[in-house]
Amino acid sequence: MVKIIAIDGPASVGKSTLAKKLSKKYNSPILFSGRLYRAIAFEIIKKKVDPNNIKDILKCVSSLELNNLESGNLYSSEVDTLSSLISAKKELRNKLIKFQREFPKNYCNRSKFSIIEGRDIATVIFPNADYKIFLWADAKIRAKRRYEQIVKNGKKARYKTILSEINARDKNDLTRKIAPLMPASNSVLLDTSYIDIEQAFNALKKIILEV
Ligand code: DC
């Protein structure tokens, strides 16, 4: 049976990068669950849906498919902020549970692992996941990494703006009533503040071998 690797953590902590490295090493598919919220946020912006109208927001869920989760449009500061805001809505979260829970069965039949990253994967979506990893790093360090990544890609960025956006998303994600970001009781905590991505990846591989 496919084993589930749940990776949770705050914005810009390196979840996606580490999930991609695991996926390559173990030839196993990943669900970036944040892209579900991002895709809905993008639809809301595109169709000019009122972000407080839950009925209209839920209508956007029916058009979700794995292939519209690949779009580059899902990464902008407008989508970052709106996805974090709408992710506090209980009805929306509930409607996205099935898609996430069915991902291993629908997309990972032939692989050893199913990798799912997000905020509530080990706490709500897969409380019985085989591996539960909670990534953490100081917000200032995450903002610095993000800033450096944007500049490296030849784009302009302001460190202060990035830090305040990360702090705002952390606040939403950590304090919302439903499915807040928090480590599952039996998760393994990995603080990447003072280690680089290769060191974090080595630590993850050890966790996977040992658990
Ligand atoms: O991981 P991400 O940055 O792509 O996620 C975008 C937003 O979606 C994030 O600010 C909070 C929300 N999210 C969530 O509430 N639960 C998840 N499992 C994944 C993301």
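You'll find the structure just up there.
So, how was this worked out
- Residues numbered from 1 in each chain as written.
- Predicted model: local features only at pLDDT ≥ 70, side-chain atom pairs only at ≥ 80, totals over all residues.
- Heavy atoms only, no water.
- Helix = DSSP H or I, 4+ residues; strand = E, 2+ residues; numbered from the N terminus.
- Buried < 20%, exposed > 50% of the residue type's maximum accessible area, 1.4 Å probe, protein only.
- Contact = heavy atoms within 4.5 Å.
- Lys, Arg positive; Asp, Glu negative; His and termini not counted.
- Charge placed at Lys NZ, Arg CZ, Asp CG, Glu CD.
- Near = heavy atom within 4 Å.
- Polar contact = N/O pair within 3.5 Å; in protein donor to acceptor, adjacent residues only side chain to side chain.
- Nonpolar A, V, L, I, M, F, W, Y, C, P; charged D, E, K, R; others polar.
- Expected span 1.5 Å × (residues − 1).

(A) Summary view of the overall build of the protein. Looking only at helices and strands, the protein has nine helices and five strands in total. For the protein, the α and β elements follow one another from N to C terminus as β-α-β-α-α-α-α-β-α-β-α-α-β-α. Structurally, the protein occupies a C-alpha span of about 50 × 40 × 30 Å along its principal axes. Evaluated residue by residue, the protein yields a buried proportion of 46% over its 211 residues. Long-range pairs, those at least 24 residues apart, make up 79% of the contacts in the protein with a sequence separation of at least 6. Across the protein, the centroid of the 40 positively charged side chains sits 1 Å from that of the 22 negatively charged ones.

(B) Seen up close, the site of the ligand. In the vicinity of the ligand lie 15 residues, with Arg38, Arg93, Arg119, Asp120 and Arg169 positioned nearest. Between an oxygen atom of the ligand and a side-chain N or O atom of Arg93, the distance comes to 2.8 Å. Between Arg176 and the ligand, the recorded distance is 2.9 Å, taken from a side-chain N or O atom to an oxygen atom. For the shell around the ligand, the elements supplying multiple residues, two or more each, are helix H2 (34-46), helix H4 (77-86) and helix H8 (159-175). Across the shell around the ligand, the residue classes break down as two nonpolar, six polar and seven charged.

(C) Representation of H2 in the model. The first and last C-alpha atoms of H2 sit 18 Å apart over 13 residues, in line with the 18 Å expected at 1.5 Å per residue. Along H2, the positions that sit buried rather than exposed are Arg35, Leu36, Tyr37, Arg38, Ala39, Ile40, Ala41, Glu43 and Ile44. For H2, the secondary structure elements touched by its buried residues are strand E2 (30-32), helix H3 (54-61), H4, helix H5 (90-107) and H8. Directly after H2, the chain includes Lys48, whose backbone phi takes a positive value near 55°.

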